[in-house]
Amino acid sequence: MAFAVSDEILGTFVPIAVYWLYSGLYIVLDGLGMDDYRLHPKGEEVKNIVSKWTVVRGVLVQQAFQIAVSLLLFTVLGDESGTVRKQPSALVIALQFIIAMFVMDTWQYFMHRYMHINKFLYKHVHSKHHTLVVPYAFGALYNHPLEGLILDTIGGALSFLISGMTPRTGIFFFSFATIKTVDDHCGLWLPGNILHVFFSNNSAYHDIHHQLYGNKYNFSQPFFVMWDKILGTYMPYTLETRKGGGYEARPVKLNQAQQTNKTD
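Since this is a predicted model, take the numbers as computed values, not measurements. (Residues numbered from 1 in each chain as written. Predicted model: local features only at pLDDT ≥ 70, side-chain atom pairs only at ≥ 80, totals over all residues. Heavy atoms only, no water.)

1. Let's talk about the packing of helix α1 (residues 7-31) against helix α6 (residues 167-184)
For any two helices packed against each other, one specifies the inter-axial angle together with the distance between the axes.
At step 1: Contact geometry for α1 and α6: axes closest at 8 Å, N-to-C directions at 25°. For the element pair α1 / α6, the angle class is roughly parallel. Note on packing geometry: the crossing formed by α1 with α6 is right-handed. Residues D7, E8, L10, G11, V14, P15, V18, Y19, Y22, S23 and Y26 of α1 lie in contact with α6, whose contacting residues are P167, R168, I171, F174, S175, T178, I179, V182 and D183.
At step 2: Partitioned by chemical class, the residues of the contact of α1 with α6 number twelve nonpolar, four polar and four charged. (Axes fitted to C-alpha atoms, helices over the stretch in contact; angles between N-to-C directions. Helix = DSSP H or I, 4+ residues; strand = E, 2+ residues; numbered from the N terminus. Parallel < 35°, antiparallel > 145°, perpendicular 65-115°, else oblique. Left-handed = near helix turned anticlockwise from the far one by under 90°. Contact = heavy atoms within 4.5 Å. Nonpolar A, V, L, I, M, F, W, Y, C, P; charged D, E, K, R; others polar.)

2. Considering helix α8 (residues 203-210)
At step 1: Judged by how many residues are buried, α8 sits mostly within the fold: eight of eight residues are covered.
At step 2: Taken together, the buried positions of α8 are S203, A204, Y205, H206, D207, I208, H209 and H210.
At step 3: At the N-terminal end of α8, a side-chain oxygen is found 3.2 Å from the backbone nitrogen of A204, two or three residues along, and the residue is N202. (Buried < 20%, exposed > 50% of the residue type's maximum accessible area, 1.4 Å probe, protein only. Polar contact = N/O pair within 3.5 Å; in protein donor to acceptor, adjacent residues only side chain to side chain.)

3. A few points about the environment of E240
At step 1: For E240, the location among the structural elements is in strand β1 (residues 237-241).
At step 2: The spacing of E240 and R250 is ten residues in sequence and 7.1 Å in space, taken between C-alpha atoms.
At step 3: Separated by 3.1 Å, the side chains of E240 and T238 make a polar contact.

4. Points about empty space enclosed by the protein
At step 1: Per the stated rule, a full pass over the model turns up one cavity of 30 Å³ or more.
At step 2: In this structure, the largest cavity encloses a volume near 620 Å³.
At step 3: Along the wall of the largest cavity there are 39 residues; nearest its centre are Q66, D152, T153, G156 and F174.
At step 4: A total of eight residues in the lining of the largest cavity trace back to one element, the largest contributor, which is α6. (1 Å grid on protein atoms, 1.4 Å probe; cavity = no way out; pocket = protein on both sides within 12 Å on 5 of 7 lines; lining within 4 Å. Points joined across faces, edges and corners; volume = space filled by probe spheres on them.)

5. Examining the nonpolar core
Generally speaking, nonpolar side chains in soluble globular proteins are found buried as a group.
At step 1: One finds Y19, Y26, V55, F173, V182 and F223 to be the most contacted residues of the largest nonpolar core, which totals 33 residues.
At step 2: Where this core is concerned, the elements lending two or more residues are α1, α2 (52-77), α3 (90-117), α5 (145-163) and α6.
At step 3: It is α2 that provides the largest number of residues to this core, a total of five residues.
At step 4: Leave out the neighbours within four places in its chain, and Y26 touches A137, V182, D183, C186, L188, L190 and N193.
At step 5: In terms of nonpolar packing, the next biggest core, distinct from the first, is built from six residues, L39, I208, M235 and A249 among them. (Core = buried A, V, L, I, M, F, W, Y, C linked by side-chain atoms within 4.5 Å.)

6. Quick notes on the environment of D7
At step 1: Mapped onto the elements of the fold, D7 is located in helix α1.
At step 2: When sequence neighbours within four positions are dropped, the list of residues in contact with D7 reads V84, P167, R168 and I171.
At step 3: Separated by 3.0 Å, the side chains of D7 and R168 make a polar contact.

Quick look at the structure:
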């Protein structure tokens, strides 16, 4: 007797599996020695004020909330007849991807930025994510549960509903969004990373936001940088080679200030 797993169940659990598998890939790469590609020397990880086991537990809590909301959503919207929605054409699916990316980026930009503006929310909610000054892959979803619910879970639900994608398309979209989020927090600048070809919102761009000087800039996540550019929160950077190996994302504004100081 065949055992069928619904697209709704796969859409709920596959992105979580992708999160840990893709993060695990970066752990393996780290074990092979990635010092020449780090955005921070390994010694700087002491700036992170939470242990990696605490981060793992925090991410699992958020993913539990994610599962609950996702299953609730599919239960409310589900077809009791059990009929699987027919997949649209490839062109329509591509359009749904673009719409979902735009919706997710828009929601996350404004919610993310508000959590920086509102001192109470920043202190009691969003600052938890910023305890990782030196980001790493599996810390991508280390958030306060309330932040995870607002930014990621609700943002994902809105992307799914507004784009009109099917649960089957959702499996691929949310898996892709997960890969992108993990990649943006990996703390590495790897040559040949295809995501860097298509997206200027990347690990270096988001690393700027995790530093004290970039705390009020580069709120956009996880795909594009348009809202930062439109609303004046875009902080450009240069990627420079460190003397001791690896790279450093240096804000252009800081570079300009240093040049001014040298000429004074």
